[in-house]
Amino acid sequence: MSGKKSEQALAAQLVLRIDKLLWFLHFAHNRVMARKLAEKGHVRMNGRRIERGHVKVRQGDILTIPQGRDVHVVRILSLPERRGSAALAQSCYEILQTGN
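Residues numbered from 1 in each chain as written. Predicted model: local features only at pLDDT ≥ 70, side-chain atom pairs only at ≥ 80, totals over all residues. Heavy atoms only, no water.

### A few points about the overall build of the chain
- Of the regular secondary structure elements, the chain holds four helices and seven strands.
- In the chain, the succession of α and β elements from N to C terminus is α-β-α-α-β-β-β-β-β-α-β.
- A total of 100 residues make up the chain; the buried ones form 33% of that total.
- The contacts of the chain with a sequence gap of at least 6 include a subset with a gap of at least 24, amounting to 43%.
- Put simply, the chain shows about 6,600 Å² of open surface, and 49% of that area lies on carbon and sulfur atoms. (Helix = DSSP H or I, 4+ residues; strand = E, 2+ residues; numbered from the N terminus. Buried < 20%, exposed > 50% of the residue type's maximum accessible area, 1.4 Å probe, protein only. Contact = heavy atoms within 4.5 Å. Areas by Shrake-Rupley, 256 points an atom, 1.4 Å probe, with all protein chains shown as cover.)

### Section: the pairing of strand S5 (residues 62-67)
- Taken together, the two bridges between strand S2 (residues 44-45) and S5 define a ladder with antiparallel strand orientation. Following the sheet pairing, Arg-44 is matched in S5 by Thr-64.
- Between the antiparallel neighbours S5 and strand S6 (residues 70-76) lie two residues, among them Gly-68 with a positive phi of about 65 degrees. (Pairing = 2+ DSSP bridges.)

### Things to note about helix H3 (residues 31-39)
- For H3, the full list of buried residues reads Ala-34, Leu-37 and Ala-38. When H3 is viewed along its axis, its buried side chains cluster within an angular range of 95 degrees and face the same direction.
- Where H3 is buried, its residues contact helix H2 (18-24) and S5.
- Two or three places before Val-32, at the start of H3, stands the capping residue Asn-30, its side-chain oxygen 3.2 Å from that residue's backbone nitrogen. (Arc of directions from axis to C-beta. Polar contact = N/O pair within 3.5 Å; in protein donor to acceptor, adjacent residues only side chain to side chain.)

### Let's talk about the nonpolar core
- The biggest cluster of nonpolar side chains holds 24 residues, and the ones touching the most others in it are Ile-18, Leu-21, Leu-22, Leu-25, Leu-63, Ile-65 and Ile-76.
- Among the elements of the structure, H2, H3, S5 and S6 are those that each provide at least two residues to this core.
- Here this core takes four residues from H2, the largest share from any one element.
- Here Leu-22 is in contact with Phe-27, Ala-28, Ala-34, Leu-37, Val-43 and Ile-65, once residues within four sequence places are set aside. (Core = buried A, V, L, I, M, F, W, Y, C linked by side-chain atoms within 4.5 Å.)

### Thoughts on the environment of Glu-39
- Tracing the backbone through its elements, the reader meets Glu-39 in helix H3.
- Here Glu-39 falls in the partly exposed class, since its relative accessible area comes to 38%.
- Separated by eleven residues in sequence, Glu-39 and Ile-50 have C-alpha atoms that sit 6.9 Å apart.
- Each residue touching Glu-39, except ones within four places of it in the same chain, is listed here: Glu-51, Arg-52 and Gly-53.

This is the structure we're talking about:
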């Protein structure tokens, strides 16, 4: 039974809800704002419009995120375990494009 639990724990580490990810990576000030950003359809994942806060994000996914007047296109390099410093957050993604 412990083998199944460790497999489930490993699988859980490989994905993260998009609302938590947006909050962890400092694209939103809190989780509620991150959920609303995702649910309003402003965020795209791999070119697909996201309309739910529970969509699972994996390492390597490309996100298009509006922030103010800018739109950021980022590739997820690693999934953070928690919300940390800005430097820690920026090490988890690669900016592919920034602009309008």
